[in-house]
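What follows is each chain in one-letter form.
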Amino acid sequence: MSNSFFQFKQFRIGQERCAMKVGTDGTLLGSWAALPALPAENRRPRVLDIGTGTGLIALMMAQRCDRALVMAIDIDGDAVAQACSNVASSPFAERVEVKKIDIRCWKTELPAMERFDAIVSNPPYFQDALKCPDPQRSVARHNTELTFGELMEAAAGLLADDGEFSLIIPSECKSLVEGNAALAGLFKSRDCVVRTTPAKNPRRCLMAFRKHPCTVETTEGVLELKPGVRSPWYEELTKEFYL
């Protein structure tokens, strides 16, 4: 059984009400995603976390950018309640707002003038695997409820002109995500393949997209030198969060 909470340096994540628990994917993305650039106009930078679950990535972004206002959204009511509780008990409660929103309905559920300087998402990604009998967990894990095309369309519509959209996906979904991003008018800006250990094939890919063509920064990361021993890359990336 998973622990009912996960303790980070500056906040605690309760997870008993969420289908998807705290894992490496969320911690990777929250540490790797680009911080929002300081807007040209006189306002605070805004961050959107799509499919927030426990609220982990939203809180990580709030910790990393002490000026940012963060909106965390999810389609699942239990996840929203869990994220609200986690945010309320964190040091960042005044800057993080949690809402129950279906991102597929962003044109009507988010104000037309709403634009975000950074968007992050750890999306559902199991396309062809056998569905879990638990409906809540199935929605969290499978993209039959939210396709990559729908996600990219929403990100393109909600991203500020100089903003960046960051997400984490399985390596085998990379071409599919790139194709849907192109159809939505987004251009890849960063790409980091992640191996569990040096000898293993990449299992995850961190990707970032912008609204204008740019030079693509390509890197590679390794989580562990051997089982139970974090790599220097992973240690440095997550040092502000893991105890």
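Since we're looking at a predicted model, the values are computed, not measured.

**Let's talk about the overall build of the chain**
Helices and strands together make up the secondary structure of the chain, namely 8 helices and 12 strands. Against the globule reference of 18 Å for 243 residues, the chain gives a C-alpha radius of gyration of 17 Å, in line with a compact fold. Seen through its C-alpha atoms, the chain measures out along the principal axes to roughly 45 × 40 × 40 Å. A total of 243 residues make up the chain; the buried ones form 49% of that total. Sequence separation of at least 24 residues holds for 71% of the intrachain contacts in the chain that already meet a minimum separation of 6. About 11,500 Å² of surface is accessible on the chain, with carbon and sulfur atoms providing 52% of the total. Between the mean site of the 30 positive side-chain charges and the mean site of the 31 negative ones, the chain shows a separation of 3 Å.

**What to know about the state of the cysteines**
Summed over the entire model, instances satisfying the criterion amount to 0 disulfides. For the unlinked cysteine Cys84, the closest cysteine sulfur is that of Cys18, found at 11 Å. Its sulfur unpaired, Cys214 is 15 Å from the next cysteine sulfur, which belongs to Cys205.

**Concerning the environment of Phe8**
Looking at where Phe8 falls in the secondary structure, it is placed in the loop between β1 (5-7) and β2 (12-14). Judged by its relative accessible area of 0%, Phe8 falls in the buried class. Setting aside residues no more than four positions away along its own chain, Phe8 makes contact with Ile13, Val22, Thr27, Leu56, Phe241, Tyr242 and Leu243.

**Structural notes on helix α7 (residues 174-183)**
Residues of α7 that are buried: Val177, Asn180 and Ala181. All buried residues of α7 project into a common sector of 105° when viewed along the axis, lining one side. Facing away from the buried side of α7 by more than 90 degrees, the exposed set consists of Ser175, Ala182 and Leu183. For α7, the elements touching its buried residues are α6 (148-158), β7 (159-170) and β9 (204-210). One or two positions beyond α7, positive phi appears at Gly185, with a value near 85°.

**Considerations on the sheet that holds strand β10 (residues 217-222)**
Strand order in the open sheet formed by 8 strands is β5-β4-β3-β6-β7-β9-β8-β10, and the pairing between neighbours is mixed. Across the chains shown, the open sheet's two edge strands, defined by having one partner strand only, are β5 (96-100) and β10. For this sheet, the mean inter-axis angle between neighbouring strands, taken without regard to orientation, is 15°. As judged from the 5 bridges shared by strand β6 (residues 116-121) and β7, these two strands associate in the parallel manner. Counted as the bridge partner of Ser121 is Leu167 from β7. Lying over the sheet, α6 contacts β3 (46-50), β6, β7 and β9, oriented at roughly 155° with respect to β7. α7 contacts β7, β8 (187-195) and β9 of the sheet and is inclined by roughly 10° relative to β9.

**Points about the nonpolar core**
With 37 residues, the main nonpolar core has Phe8, Phe11, Val96 and Leu206 as its most contacted residues. Those elements that place two or more of their residues in this core are α1 (24-32), α2 (56-64), β4 (69-74), α3 (77-88), β5, β6, β8 and β9. Take this core: its biggest share by element is 7 residues, from α2. Formed by 30 residues, the second largest nonpolar core is a distinct cluster that contains Met71, Ile101, Phe116 and Phe165.

About the thresholds
Residues numbered from 1 in each chain as written. Predicted model: local features only at pLDDT ≥ 70, side-chain atom pairs only at ≥ 80, totals over all residues. Heavy atoms only, no water. Helix = DSSP H or I, 4+ residues; strand = E, 2+ residues; numbered from the N terminus. Rg over C-alpha atoms; globule rule 2.2 N^0.38 Å. Buried < 20%, exposed > 50% of the residue type's maximum accessible area, 1.4 Å probe, protein only. Contact = heavy atoms within 4.5 Å. Areas by Shrake-Rupley, 256 points an atom, 1.4 Å probe, with all protein chains shown as cover. Lys, Arg positive; Asp, Glu negative; His and termini not counted. Charge placed at Lys NZ, Arg CZ, Asp CG, Glu CD. Disulfide = S-S within 2.5 Å. Arc of directions from axis to C-beta. Pairing = 2+ DSSP bridges. Axes fitted to C-alpha atoms, helices over the stretch in contact; angles between N-to-C directions. Core = buried A, V, L, I, M, F, W, Y, C linked by side-chain atoms within 4.5 Å.

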